[in-house]
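Here are the chains, one letter per residue:
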Amino acid sequence: MASISSRRLSKELMEIKNDGCPVGINLVNADDFSTWLFTIEVMGDSLYQNEKFTLQFRFDQQYPISSPAVQFVVTEGRQAPVHPHVYSNGHICASILGNEWSPVLSVIAVCVTLQSMLASCKEKHRPIDNDRYVKHAPENPKKTRFHYDGEFTV
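Values in this document were obtained by computation on a predicted structure and should not be read as measured data.

### Notes on the overall build of the chain
Thinking step 1. Secondary structure summary: the chain contains three helices and six strands in total.
Thinking step 2. Listed by position from the N terminus, the elements making up the chain come as α-β-β-β-β-α-α-β-β.
Thinking step 3. Over its C-alpha trace the chain gives a radius of gyration of 15 Å, about what one expects of a compact globule, namely 15 Å for 154 residues.
Thinking step 4. Taking the principal axes of the C-alpha coordinates as reference, the chain spans close to 45 × 35 × 30 Å.

### Description of helix H1 (residues 4-19)
Thinking step 1. Here H1 contains 16 residues, and its C-alpha end-to-end distance of 22 Å stays within 8% of the 22 Å for a straight helix at 1.5 Å per residue.
Thinking step 2. All of the buried residues in H1 are Ser5, Ser6, Arg8, Leu9, Glu12, Leu13 and Ile16. On an axial view of H1, the arc spanned by its buried residues comes to 160 degrees, and they lie on one face. Exposed and facing more than 90 degrees away from the buried side of H1 are Ile4, Met14, Asn18 and Asp19.
Thinking step 3. Next to the buried residues of H1 lie strand E1 (25-29), strand E2 (35-40) and helix H2 (107-119).
Thinking step 4. Immediately downstream of H1, the backbone of Gly20 shows phi near 80 degrees, a positive value.

The rules behind these values
- Residues numbered from 1 in each chain as written.
- Predicted model: local features only at pLDDT ≥ 70, side-chain atom pairs only at ≥ 80, totals over all residues.
- Heavy atoms only, no water.
- Helix = DSSP H or I, 4+ residues; strand = E, 2+ residues; numbered from the N terminus.
- Rg over C-alpha atoms; globule rule 2.2 N^0.38 Å.
- Expected span 1.5 Å × (residues − 1).
- Buried < 20%, exposed > 50% of the residue type's maximum accessible area, 1.4 Å probe, protein only.
- Arc of directions from axis to C-beta.
- Contact = heavy atoms within 4.5 Å.

Structure representation (C-alpha cells):
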C-alpha cells in the first residue's frame, strides 16, 4: 500500500506534468519521492533579473503533514540568492517552511512563494547573522528553529 506521502507526491507530480509549472519555475528532477529539484527565476523587473537558482525539496514519510526541507542548492556553479532571508549555505528563513506550514500547500505553492519573496526584495544582502549561522547550521534546515525576525536557534 502506498504511503500518504507517496500518494500526495504522485498527485503533485502528475499535476506538474499535465499543467506545467508557472512562468519562471521549472522541474529539473523528480526521479523519486525523496528529493526534487526545481529552477526558479524572477520574471520581470527585479534585483534578480537574469538570475536562475536551483531549489531542492527533500520529503520525509510525513509529507504533507510535515513540511519538506527546502533550500537553495549551493555547489560549484550554483549559488543561493543574496537575500535578507537566505543564508549563504542555501537555507531559507521563511515561516511557511516552519511554523506556518500547512498540508494544503504544494511544492509549486512553495516555489511561487519563494519566487515572490525574491521579486519583492528591495536590497540584496545576507541575513545579519549569516556567518554565525552557516558555521553552526545543521545539514537539514528543518532542524533549525528560526525566529522570523532574523534570529535563529540551532
